[in-house]
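Architecture and fold: a report
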Amino acid sequence: MLHPSSPTISLFPRVARFTTLVIPLFFSAFGWSAALPADLVWESNDDDPVYADPAAQRGGTFHDFMSSFPLTLRKYGPDSNGGFAGYIREGTLPLLATHPLTGKPMPMLANQWAFGADHKTLYFRINPKARWSDGQPVTADDWLFTLKMMRSKEINDPWYNNHYSTQISAVTKFDDHTLSITSGTEKSREDLLESLPFSPEPSHAIKLTDNWVKEYNWKILPVTGAYEVGELKKGKSVTFNRVKDWWGDGERYFQHRFNPDQIEIKVLRDQNIAWQHFLRGDLDTFPLVMPNWWHDKSKTPEFDKGYIDKIWFYTQTPQSPMGLYLNTADPLLRDLNVRLGIQYALAIDKMIATLLRGDYQRLNTYGSGQGAFTNTDLRARPFDPKLAREYFAKAGFTRTGPDGILQNDKGQPLSLSITYTTQEHAQRLTLLREEAKKAGLNLDLNLMDASAGFKSMLEKKHQSAWMGWSSGRYPAYWEHFHKVNANKPQTNNIMNIDDDAITALVEQFDKAFDFAKKAELSRQIQQRLYELASFVPAYQVPYTRAGAWRWVKLPKIPATPKSDLLYWPLDGTNSGYSFGGLFWIDEQVKQETQAAIKSGQRFPPVTLIDTRYQQP
């Protein structure tokens, strides 16, 4: 399942292979442009390993589920940043992505790129084969329009307005298939490769109006990826269809990928109900990351008789900042002593050791797995009820009520409301609630529908939130920590951090040219966040696990070291890497399995634990 996601930072090592310069070209959309620099060195990457399986079969329908129906099909504007956003955003490919095995840039919509001498500009040659799903060619005009769109007030999206006004200074068209994108500041080559090759919008299919948000709420737009939205059944399901004669089928890194003809995503609001659908074969796969699902719930005849396989695959992915986000604009949580007390009142280590079987690891800071950008000197504060009470006393909570919960002189009980959106987390939070009573703290657990809950967080209506953001190869801080995003609805600063010190560090981080300096600033930002005590780190999961009916096939090496999920049907570029779409449906094995179920035939049960990418 996806975490709510937002744009993140990742990094490409420089590729070694290149070609030579080109003849200058011009365009006259708004007068003559400058010529292409004569000394450009064009680079490409056609030599990295192909990680899909030539044995993959095309066809069939992949059946998946989500916990709530999306609030919109828009990628931008109000309500667009929920869990379903991953499907919509990956419909349109970026210019480049990162190869999941080598870390080098790999072609997507562009098949060549070159660096400008100004340390700010990247030049791209668009693959002339690239087409929108309605047959229209992908051209440089799409990026010109996208820049205009992202800066427009019509989309009602402050994050994109700011990012494309400050981080992107210009898009220049040289001809239909040649363009450049210029950064707002000088950056290293690695940073330019990450921050500039953004995805385009179809300029021929969008008209910006004052009523754009409403008009495009459910409008299906053409895409450049392998799947487009097909049928919508409001509140019930969304179906994606594979694009007929997709332009990317013959391209090196797209071959043998995106194999099902359809992707059907049903709305099943309760995980236990979804589990029953899975055991009946109505869903093809089911996530088993949660320990009780892997260890206990999978003890069923369907697994024992070999109809469903279990796969545990260790990865090397950046870890989500999963934990408790405290809304510092809340009257109670404005007090640093209260926030510090909460840090010591949560028995997260006990939760991991007992309910989570020790499968998960304690997270110590805001995410991990990002190399020198992670502050490894920080350690999450341990459960210490006595120390928690000392901090609560400094905040004025010195009296104990008849229920054991601390009160202040006005008789106000020390109570914290936690908004969460995953039913399976109720047991974990219940354990934390019972242990927190030892520190005199009451936890009020507030389970909400995924879409409604995340909307509540973005609108800053929560007191605290138990959740995790998706994470890129390197951290993104501006939208989460900069004070310009505090106390505003529809921004990702859900902790409402309004702190001059962390804002200054974030601004330096965004402008830093040297990556060693950038990493140092990242560690300082994490240190300052630790001092603010507005985020309680929970846990990290350095692997992915799933159950799958035996007709859902994976390559011999089931996934890449950067695979967040084993059975993600799209490209995976939300994480910065291109890793998804590797599985396929074997219709013959499906018929064989269905016949075996009817006849009572068994197969050898399969539990695969792959540690090839496990980190020490």
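Here, every reference points to the structure presented above.
What you see as residue numbers is a count from 1 along each chain, following the sequence as written. Local features are withheld for residues below a pLDDT of 70 in this predicted model, meaning they are given only at 70 or higher, and side-chain atom pairs are given and counted only at 80 or more; totals for whole chains, interfaces and linings count all residues. Here the side-chain values reflect all heavy atoms present in the structure, with hydrogen atoms and water set aside.

Here we look at the nonpolar core
Here the nonpolar core consists of buried residues drawn from Ala, Val, Leu, Ile, Met, Phe, Trp, Tyr and Cys, with membership extended through side-chain atoms lying within 4.5 Å. Type-normalised accessible area, obtained with a 1.4 Å probe on protein chains alone, sets the label of each residue: buried when under 20%, exposed when over 50%, and partly exposed for intermediate values. If you look at the biggest cluster of nonpolar residues, it comprises 173 residues, and the most contacted ones within it are I342 and W466. The contacts of I342, once residues within four sequence positions are left out, are L324, L326, L333, F392, L416, L441 and V536. Formed by six residues, the second largest nonpolar core is a distinct cluster that contains L36, A114, Y123 and F174. The criterion used for residue contact is that any of the two residues' heavy atoms lie within 4.5 Å.

Side note on the sheet that holds strand β9 (residues 237-242)
DSSP calls a pair of strands paired once it identifies at least 2 bridges connecting them. Helical segments are the DSSP runs of H or I of at least four residues, strand segments are the runs of E of at least two, and each set is numbered from the N terminus. Overall, mixed pairing links the four strands, which are arranged β1-β10-β9-β8 in an open sheet. The open sheet has two edge strands with one neighbour each: β1 (61-66) and β8 (227-233). Pairs of neighbouring strands in the sheet enclose a mean axial angle of 20°, with direction left out of account. Axis angles are defined between N-to-C directions and span 0 to 180 degrees, where every axis is a line fitted to C-alpha atoms and, for a helix, only to the segment in contact.

Overview of the side chain of Q319
Looking at the secondary structure, you find Q319 in the loop between β12 (308-314) and β13 (322-326). In the analysis that follows, any N or O atom pair within 3.5 Å is treated as a polar contact, provided that within protein one partner can donate a hydrogen and the other can accept it, and provided that, for residues neighboring in sequence, both atoms belong to side chains. At a separation of 3.2 Å, a polar atom in the side chain of Q319 contacts the main-chain carbonyl oxygen of T317. Engagement of the side chain of Q319 in a polar contact is seen with the backbone nitrogen of V541, the distance being 2.7 Å. Once you skip the residues sitting within four places of it in the chain, Q319 turns out to touch G367, S368, S471, Q540, V541 and P542.

Structural notes on the pairing of β12
Burial analysis of β12 places seven of its seven residues in the buried class, which makes it a mostly covered element. With burial as the criterion, each face of β12 is covered, one bearing I308, K310, W312 and Y314 and the other bearing D309, I311 and F313. Strand direction decides the pairing type here: β12 and strand β22 (residues 543-549), joined by seven bridges, are antiparallel. If you follow I311 over to β22, its bridge partner there is A546. Bridging between β12 and strand β25 (residues 607-610) involves four bridges; their strand directions are parallel. Paired with K310 across the strands is T607, a residue of β25.

Considerations on the pattern of salt bridges
We count a salt bridge whenever a side-chain nitrogen from Lys or Arg sits within 4 Å of a carboxyl oxygen from Asp or Glu. One pass over the full model with this rule turns up 26 salt bridges. In this structure, the salt-bridge partner of E43 is R189, at a minimum N-O distance of 3.8 Å. One end of the pair, E43, is in the segment before β1; the other, R189, is in helix α4 (residues 189-195), and 146 residues separate them in sequence. Look at E43 and you get buried, because its relative accessible area is 3%. Residue classification places R189 among the partly exposed residues on the basis of a relative accessible area of 34%.

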